[in-house]
Amino acid sequence: LGLCTARACASAAAPAVAASSSNADAGQPAGWSQQVPATSSISPTGFQADLVQTPSLSRPIDEPPACAAFRFLVPSAIGPALAAIGELPLPAEEKRRRAEVVLRGCSMSPFEEHRRIANRVRADLNKVDPDVSLETLLFDASNDALDVGLQGEEELRELVVKVPVPLEALMIASLDVPGALALSKITPMDVLHVDPEQSPSGMPHVAHSFLGVLGWKRGPMYRHKEYVRVHKEEREHFPWVIEHVRQLAQDFWKQYHNHHEKNGKTAGNLSMQMDAFLTIVVDKLFTLALMEQLPELARRQRLLDTAGCVHSRWRFVREFGSVPPRLEAVAVAFGIDWRRREPNVQVDLPLRLWTSRHLWTRRRNLDLMEKYLPTVDALGDMALATPLRHRPWVSFLADMHSHEDVLLRPWYFKVRPEEPIRHVLWSSEFIRELSTYTSEALQAADHIAGAGVGRAAAGPEGGSTRETMAVLCVGSGSSRLQLYLGHILSRLLPGWDVRVVSMVPAKESKRDARLFDEETTAFSWPSADLSQPPLARDDLTLWEALRLYRPRLVLCTAMPPRVDWSKHFRESRSVLEYLLIGPTDSDRSGDANLTWGRAAAWRNKGQAPRSPDYVRDGFMRRNLPQLSALVLGTDDLSGRVGANAVTSFRRLMQPKLTGAPDRIAIEDASGGPRLKKMNRCG
């Protein structure tokens, strides 16, 4: 019933996207309707049944504010939206809230100037200045955004020449009318353009020389070997240019390596040059194919955004803003059905998968064969296989975890600024199973570490002492997870002193290391008010938090891409187990090699290490399918559920022999537990 209703609502609400501009003309910001559709109150259990009795959806319904940030990724919508918010007769607090949604989308704009405007306006909104009114601040930001939008075509030409290809930025620009017009004017030679005088940062000399030859007016892209002029229609036809570049790359490399080999270059140096050359050429070929397929990808993205029911999303945001939602409500509102989870969903980009299979495994010789360059058909398939996202769903998760969304942005320094922060939905089903697993893990940790760690233990004079069992929640949504786990664990483990702490690590330390040798009093029970989750701590580095709280269990959600936090978890001797929630076995969450033990780029012929880092540190990996079946995140969408999972890494303990001491873990000089190297009885 829910799926049929979702399809019916999606088809009825499809004109809503096109109608958002009419609201802006009427003095309302795009993405909002001042009159919220009148609906009856519903309960989570009766979500689908109540949806059948909803009013008619004949009139267009805009996205709720929590799901509307994606509309302000495009530059042309930022300026009018800020101006419209300033004109609305709303309280100042409501204007600030709506402006924050616009700025959240503006901060992921493909244009650097827009991102600077978002950061500046956000800083101005946070400080109170009696001399500057809120309306003046919004109007000034609107004018700045409009001025930047006039320079969009020039900046798009700068985007298409970047390596690696800024995929998210080009997708965002293609969904904007001015951006789509500017992209339609981009030619293959714009993609292959380089400054002949100066090599871009990170581009090797061989790749810069090859691209310079391609852009030369008397080069092979303008004249054939027989000096027959190349027609302009051929030079602006993307498939023809792709095939031509594939042939020219092989000829150029053969001449380049013969010349430098005669001048004394070693085979090892030339092999590294060839790896870099192949990386740049394959990326350029993929960019050419992507530019050819961008209109089709934009069409698919617009169709994907209509999945689910806009009318139901209003109810979803209102009913589940403070409590964990049910997964059946997600299926109706966003069209993402957890029951259709697919095994082994690839979260890596198609280009990276092709590179790892064909280039990382190649023999280290100096022969550039045709199989090392993807064909036109393969490039087209990779471009069309580019993973898309359900943008209202992504916007809702970013709004739900807005505190961590801002704190995690500095950790995304290894990817493009348009990359959205990854989040996970804490559904009621997932929280229930995760709480049960956490309670069992704490009981196991108490058994391993010895009696009296989590429970009240008998003191030396017959009294009782209570030691703390800490659970550390790190990353996206950690504040809500602290709130939910704190309440549930207090009921699952009565009499235990369990403390749940949430944090987003700071990149630099702000404290004196000597303070961590003192006993901490930073623990606090979460508030009993479900409408106000505690804010995650952001004033501690990960090393400081692990030493301060000494957790037995760590729950890490959506680790930043190509950043490894798990090393600190394993180095902390108090941690007996840590769970990683989010994409697995890729650079999308953590480091593929350091975190997950996958193959490192261009090393060991693309083979994974025999002993990953977590194995050498004494941990064992175990997938948790029962929990993974209930987790939904940013990369999940209708027809592609399964991009997120839950993985456990548990410390391997020494076996305890008969007659051995009861406690295996003892305290070291710094106060943290450590393992004995050998049992006395052994």
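Residues numbered from 1 in each chain as written. Predicted model: local features only at pLDDT ≥ 70, side-chain atom pairs only at ≥ 80, totals over all residues. Heavy atoms only, no water.

Some remarks on the overall build of the protein chain
Rules: Going along the chain from the N terminus, every DSSP run of H or I of four or more residues is numbered as a helix, and every run of E of two or more is numbered as a strand. Each residue gets one of three labels from its accessible area relative to the maximum for its type: buried under 20%, exposed over 50%, partly exposed in between, using a 1.4 Å probe on protein chains only. Surface exposure here means Shrake-Rupley accessible area, sampled with a 1.4 Å probe, where a residue is shielded only by the protein chains that are shown.
Within the protein chain one finds 27 helices and 10 strands. Split into buried and exposed, the 682 residues of the protein chain put 54% on the buried side. Element-wise, carbon and sulfur atoms account for 52% of the exposed surface of the protein chain, whose accessible area totals about 31,300 Å².

Quick notes on unusual backbone geometry
Residue Pro164 is reached from Val163 by a cis peptide bond, and omega for that bond is 0°. If you trace the backbone, Pro164 turns up in the loop between helix H8 (152–159) and helix H9 (167–174). Located in the positive-phi region is Trp602, a residue other than glycine, with phi close to 65°. Mapped onto the secondary structure, Trp602 falls in the loop between strand S6 (577–582) and helix H26 (613–616).

Some remarks on helix H5 (residues 92–106)
In plain terms, the rule: The span expected for a helix works out to 1.5 Å for each residue beyond the first.
For H5, which comprises 15 residues, the first-to-last C-alpha distance of 20 Å matches the rise-based estimate of 21 Å (1.5 Å per residue) to within 8%. Of the positions making up H5, those classed as buried are Lys95, Arg98, Ala99, Val101, Val102, Leu103, Arg104, Gly105 and Cys106.

Digging into the nonpolar core
Quick note on the threshold: In these notes, a set of buried Ala, Val, Leu, Ile, Met, Phe, Trp, Tyr and Cys residues joined through side-chain atoms within 4.5 Å is what counts as a nonpolar core. Note on contacts: a residue pair qualifies if any of its non-hydrogen atoms lie within 4.5 Å across the two residues.
By size, the foremost hydrophobic cluster in this structure holds 63 residues, and its most contacted members are Leu170, Phe210, Phe277 and Met291. Residue contributions to this core peak at 16 residues, all from helix H15 (residues 267–305). Sequence-distant contacts of Phe210, defined by excluding residues within four places in its chain, comprise Val245, Leu248, Ala249, Phe252, Phe277 and Val281. Judged by nonpolar contacts, the second largest core, of 47 residues, contains Ala333, Phe430, Val471 and Leu627.

Some words on the sheet that holds S6
Within a sheet, each strand pairs with its neighbour through backbone hydrogen bonds, oriented either parallel or antiparallel. We count it as follows: In this scheme, strands are said to pair when DSSP sees at least two bridges between them. Here, axes are lines fitted to C-alpha atoms. For helices the fit covers the stretch in contact, and angles between N-to-C directions go from 0 to 180 degrees.
With mixed pairing, the 6 strands of this open sheet are ordered in space as S4-S3-S5-S6-S8-S7. Of all the strands in the sheet, the pair left with one neighbour each is strand S4 (498–503) and strand S7 (619–623). Put simply, the sheet's adjacent strands are angled 20° from each other on average, direction ignored. Relative to the sheet, helix H23 (residues 478–492) contacts strand S3 (469–475), S4 and strand S5 (553–557), its axis offset from that of S4 by approximately 170°.

A word on the environment of Ala444
Tracing the sequence through the fold places Ala444 in helix H22 (residues 428–449). The class of Ala444 is partly exposed, set by a relative accessible area of 35%. In this structure the C-alpha to C-alpha distance between Ala444 and Leu576, which are 132 residues apart in sequence, comes to 9.5 Å.

Comments concerning the packing of aromatic side chains
Put simply, the rule reads: Pairing of aromatic rings covers Phe, Tyr and the six-membered ring of Trp, with a centre-to-centre limit of 6.5 Å; geometry is then stacked below 30 degrees between planes, edge-to-face above 60, and tilted otherwise. Note on criteria: charge over ring means Lys NZ or Arg CZ within 6 Å of the ring centre, with the direction from the centre no more than 35 degrees off the ring normal.
Taken as a whole and judged by the stated rule, the model has 19 aromatic pairs. Consider the rings of Tyr578 and Phe649, whose centres lie 4.9 Å apart with planes at 5°: the pair is stacked. Of this pair, Tyr578 sits in strand S6 while Phe649 sits in strand S8 (residues 645–651), and the two are 71 residues apart along the sequence. By relative accessible area, which is 0% here, Tyr578 ends up buried. A centroid spacing of 6.1 Å and a plane angle of 55° characterise the contact between Trp596 and Phe649, whose relative ring orientation is tilted. One end of the pair, Trp596, is in the loop between S6 and H26; the other, Phe649, is in strand S8, with 53 residues separating them in the sequence. In this structure, Trp596 and Phe649 share a single accessibility class: buried. Put simply, the rings of Phe569, Tyr578, Trp596, Tyr614, Phe619 and Phe649 pair up and form one aromatic cluster. In this structure, Lys507 packs its charged tip against the face of Trp411, placed 5.7 Å from the ring centre. Taking NZ or CZ as reference, Lys507 lies 4.0 Å from the ring centre of Phe413, over its face.

Some words on the environment of Ala329
Residue placement: Ala329 occurs in helix H17 (residues 327–334). With 16 residues separating them along the chain, Ala329 and Arg313 place their C-alpha atoms 9.1 Å apart.

Quick look at the pattern of salt bridges
Applicable threshold: By salt bridge we mean one thing: a side-chain nitrogen of Lys or Arg within 4 Å of a carboxyl oxygen of Asp or Glu.
This structure, assessed with the given rule, holds 35 salt bridges. Ionic pairing is found between Arg120 and Asp144, a salt bridge with its closest N-O pair at 2.7 Å. Of this pair, Arg120 sits in helix H6 (residues 112–126) while Asp144 sits in helix H7 (residues 134–149), and the two are 24 residues apart along the sequence. Owing to a relative accessible area of 29%, Asp144 belongs among the partly exposed residues under this scheme. A salt bridge links Arg326 to Glu328; the shortest N-O distance between them is 3.5 Å. Owing to a relative accessible area of 26%, Arg326 belongs among the partly exposed residues under this scheme. Overall, the relative accessible area of 17% leaves Glu328 in the buried class. When salt bridges that share partners are traced, they join Glu168, Arg389, Glu419, Arg422, Arg588 and Asp635 into one network.

Regarding empty space enclosed by the protein
Put simply, the test is: The rule is simple: put a 1 Å grid over the protein atoms alone, call a set of points where a 1.4 Å probe fits but cannot get out a cavity, call an open set with protein on both sides within 12 Å along at least five of seven lines a pocket, and count a residue as lining if it has an atom within 4 Å of a point. Grid points are joined across faces, edges and corners, and a volume is the space filled by probe spheres set on the points. Polar here means any residue other than Ala, Val, Leu, Ile, Met, Phe, Trp, Tyr, Cys and Pro, which are nonpolar, and Asp, Glu, Lys and Arg, which are charged; Gly is therefore polar.
Evaluation of the coordinates by the stated rule reveals 5 cavities of 30 Å³ or more. Its volume calculated, the largest cavity comes out at about 370 Å³. Along the walls of the largest cavity sit 25 residues, with Leu73, Glu168, Arg389, Arg391 and Pro420 positioned nearest its centre. Going through the elements one at a time, H9 and helix H20 (391–400) are the ones with two or more residues in the lining of the largest cavity. The residue makeup of the lining of the largest cavity, split by class, is 15 nonpolar, 3 polar and 7 charged.

Digging into the packing of H22 against H23
This is how it is decided: Working rule for angles: under 35 degrees goes down as roughly parallel, over 145 as roughly antiparallel, 65 to 115 as roughly perpendicular, anything else as oblique. The sense of a crossing depends on the near helix, which, turned anticlockwise from the far helix by less than a right angle, makes the crossing left-handed and, turned clockwise, makes it right-handed.
Where H22 meets H23, the axes come as close as 10 Å, and the angle between the chain directions of the two elements is 60°. Classed by the angle they form, the pair H22 and H23 counts as oblique. H22 and H23 meet at a crossing whose hand is right-handed. In this structure, H22 contributes Ile431, Leu434, Ser435, Thr436, Thr438, Ser439 and Leu442 to the contact, and H23 contributes Leu481, Tyr484, Leu485, Ile488, Leu489 and Leu492. When the residues that make up the contact of H22 with H23 are grouped by side-chain class, the tally is 9 nonpolar, 4 polar and no charged.

Considering the packing of H9 against helix H10 (residues 177–184)
The N-to-C vectors of H9 and H10 enclose an angle of 110°; their axes lie 6 Å apart at closest approach. Comparing the axis directions of H9 and H10 gives the class roughly perpendicular. Of the residues in H10, those in contact with Leu170, Ala173 and Ser174 of H9 are Gly179, Ala180 and Leu183. A per-class count over the contact of H9 with H10 returns 4 nonpolar, 2 polar and no charged.

Overview of helix H18 (residues 350–358)
Inspection of H18 places Pro350, Leu351, Leu353, Trp354, Thr355 and Ser356 among the buried residues, and these make up the whole buried set. Turning to H18, the residues buried within the fold contact H15 and helix H19 (376–384).

Re the side chain of Arg651
Formally: A 3.5 Å cut-off defines polar contacts: any pair of N or O atoms within that distance qualifies, except that in protein one atom must be a possible hydrogen donor and the other a possible acceptor, and neighbouring residues in sequence count only when both atoms are side-chain atoms.
Take Arg651: it is sitting in strand S8. At 2.9 Å, the side chain of Arg651 forms a polar contact with the backbone oxygen of Ser572.

Focus on the environment of Thr647
In this fold, Thr647 is placed in strand S8. Among the residues examined, Thr647 registers a relative accessible area of 1% and is labelled buried. The residues touching Thr647, leaving out its near neighbours within four places in the chain, are Tyr578, Leu579, Leu580, Thr584, Trp596, Arg621, Arg622 and Asn623.

A few points about the pairing of S3
Among the 7 residues in S3, 7 count as buried, and that is most of the element. Strand direction decides the pairing type here: S3 and S4, joined by 6 bridges, are parallel. Note that in S4 the partner of Ala470 across the bridge is Arg499. Sheet analysis places S3 next to S5, joined by 5 bridges and oriented parallel. Opposite Val471, over in S5, you have Leu553 as the bridge partner.

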